[in-house]
Amino acid sequence: MIPYGHQFIDDDDIAAVSAVLRGEWLTQGPAVDSFEDALAAKVGCRHAVVFSSGTAALHGAMYAAGVVEGEEVITSPLTFAATSNSVLYQRGIPVFADIDEKTGCLDPEAVRDRLSPKTKVIASVSYSGYPVDLEPFLDMARSVGALVVEDGCHSLGASRGRRMVGQDADMTAFSFHPVKHITTGEGGAVVTDDDDLAHRLRVFRSHGIIKDKDRMEFYEGPWSNEMIDLGYNYRLCDIQCALGLSQMSKLDRFIECRRAIAKRYDRVFGSLPGCIVPASDPGHGYHLYAFRVPAEIRAELFEHLRANDIWVQVHYPPVHLHPYYRKSFGYAPGDFPVAERFFSMEISLPIYVGLSEQDQDRVISLIADRLAL
Ligand SMILES: *Cc1c(COP(=O)(O)O)cnc(C)c1O
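Bear in mind that the values here come from a model prediction, so they are computed numbers and not experimental data. The residue count restarts for each chain, going from 1 along the sequence in the order it is written. In keeping with the model being predicted, local features are shown solely for residues with a pLDDT of at least 70 and side-chain atom pairs are shown and tallied solely at 80 or more, while totals for entire chains, interfaces and linings include all residues. The side-chain values count all of the structure's non-hydrogen atoms but skip hydrogen atoms and water molecules.

Caption draft 1: Inspection of the site of the ligand at higher detail. We call a residue near a molecule or strand as soon as one heavy atom of that residue lies within 4 Å of the molecule or strand. Around the ligand there are 15 residues in total, and Gly 54, Thr 55, His 154, Ser 175 and Lys 180 lie nearest to it. Here a polar contact means two N or O atoms within 3.5 Å. Within protein one must be a hydrogen donor candidate and the other an acceptor candidate, and residues neighboring in sequence count only if both atoms are side-chain atoms. At 3.3 Å from an oxygen atom of the ligand is found a side-chain nitrogen or oxygen belonging to Tyr 316. Surface accessibility in these figures is a Shrake-Rupley result with a 1.4 Å probe; residues are shielded only by whichever protein chains are displayed. Taken by itself the ligand offers 380 Å² of open surface, and the protein chains cover 92% of this. Secondary structure is summarised from DSSP: a helix means a run of H or I of at least four residues, a strand means a run of E of at least two, and numbering begins at the N terminus for each. Those elements that place two or more of their residues in the shell around the ligand are α3 (54-64) and α4 (82-89).

In structure tokens, the structure reads:
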């Protein structure tokens, strides 16, 4: 079977995990700090705060941004449900805006239409790893006193010109699920340059409890700790962080490999009438190779590939059309036509470190046959 995405684990990763298992700290130990330091250094941010998943990281970012009941977060319908779910966890209101059909990312003009005094966050999704320009979102957010949170779950290691994804937004969330760029099994992180946001993220990750004497209201002695807000246990353990740290040392190679696979697909599919290869950018992270074919043939092509053990996927059924979102907010087909059209044509082709040229050629020739190249 050739999946659309897969982890890459080598002996160094296994050795790093074994070393933690033989050591003293299984959680809340030094591997957490080491992984956070490596992430912050790679992205070029002052702080990285790891979480138990990308979803928990997004929830932490919404909390840290101050999203509370009734406040609005503008985001994309072409994403995994976790992006807008993280808003709902805080009782905020996800407000969808349509996408730019070239990139699959939020369209700044559509976001402008949704801006209101209640906007607390603009949550941009760098869909598929495309390093969408955040300038328009930062300008709009500043104009209403909101923050920009980037859902960078597709774009660890991607760059925007000379800047890494993670440096431009107020906070950027990453995921370390096995199909993402690096993995910790489950896991995630938020990166930020802001000391106060980083503090809020750390408190939220660990029950809302602080242990820092200087910040306590009722300090009694070295045993004191205070719960100052409702937080969660969203920690990532040392076993996972050791794996993450080991994976980080391979991130550049992983990205290069994904770009090379994308280039091979681009070469064959770039000139196909009716088909659209992903918008290119030298900094693209290619979490997905989001290929588009005429909507009428997408289902058939999908089934044909699946029947041949090529486990393609579709990213994503637009979030506003999930039954929960329809019921809760009254959304219906046609509300975000660009995202819906994008979805109807999309098919994510296999792209991962370890995909052999032979296997990729098999994928290419199955598609070429079907599209009668
Ligand atoms: C993977 C992903 C998430 C959630 O990450 P988990 O680690 O699976 O919780 C959120 N948003 C996007 C766009 C993702 O791809």
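Caption draft 2: Looking closely at the packing of aromatic side chains. Only centres within 6.5 Å qualify two rings of Phe, Tyr or Trp (six-membered ring in Trp) as a pair; their planes then separate them into stacked at under 30 degrees, edge-to-face at over 60, and tilted for everything else. Under the definition given, this model contains 22 aromatic pairs. Geometrically, the ring pair formed by Tyr 63 and Phe 204 is stacked, given 4.4 Å between the ring centres and 15 degrees between the ring planes. In this pair, Tyr 63 sits in helix α3 while Phe 204 sits in helix α7 (residues 195-205), placing the two residues 141 residues apart along the sequence. Summarising the burial analysis for this pair, Tyr 63 and Phe 204 share the class buried. For the pair Tyr 232 and Tyr 234, a centre-to-centre distance of 5.0 Å together with 10 degrees between the ring planes defines the contact as stacked. Classification of Tyr 234 as buried rests on a relative accessible area of 16%. Ring pairs connect the aromatic residues Phe 96, Tyr 324, Tyr 325, Phe 329, Tyr 331 and Phe 336, which therefore count as one cluster. Either the NZ atom of lysine or the CZ atom of arginine qualifies as a charge over a ring when it sits within 6 Å of the ring centre and within 35 degrees of the ring normal. Taking the ring centre of Trp 311 as reference, the NZ or CZ of Arg 306 above it sits at 3.8 Å. Burial classification: accessible surface area is computed with a 1.4 Å probe over protein chains only, and a residue below 20% of its type maximum counts as buried, one above 50% as exposed, and the rest as partly exposed.

Caption draft 3: Main features of the domain arrangement of the protein chain. Taken domain by domain, the protein chain holds domain 1 (2-248) and domain 2 (251-371). Placing a centre on the C-alpha atoms of domain 1 and another on those of domain 2 gives a separation of 25 Å. Residue contacts follow a heavy-atom distance rule, with two residues in contact if any of their heavy atoms lie within 4.5 Å. Residue-level contacts link 44 residues of domain 1 with 49 residues of domain 2. Buried area: the sum, over both parts, of the accessible surface (1.4 Å probe) that disappears when the two are put together. Together domain 1 and domain 2 conceal approximately 3,900 Å² of surface at their shared face, both sides included; 62% is due to carbon and sulfur atoms. Among the residues domain 1 hides against domain 2, the three largest losses belong to Ile 2, Tyr 4 and His 181. Together they make up 22% of the total. The source of the domain bounds is an automatic or database domain assignment.

Caption draft 4: Up close: the environment of Val 73. Mapped onto the elements, Val 73 comes out in strand β3 (residues 72-75). Residues Val 73 and Leu 106, spaced 33 residues apart in sequence, show a C-alpha to C-alpha distance of 13 Å. Not counting the four nearest positions on each side in its chain, Val 73 is found in contact with Met 62, Val 67, Val 87, Ile 93, Pro 94, Val 95, Val 121 and Ala 123.

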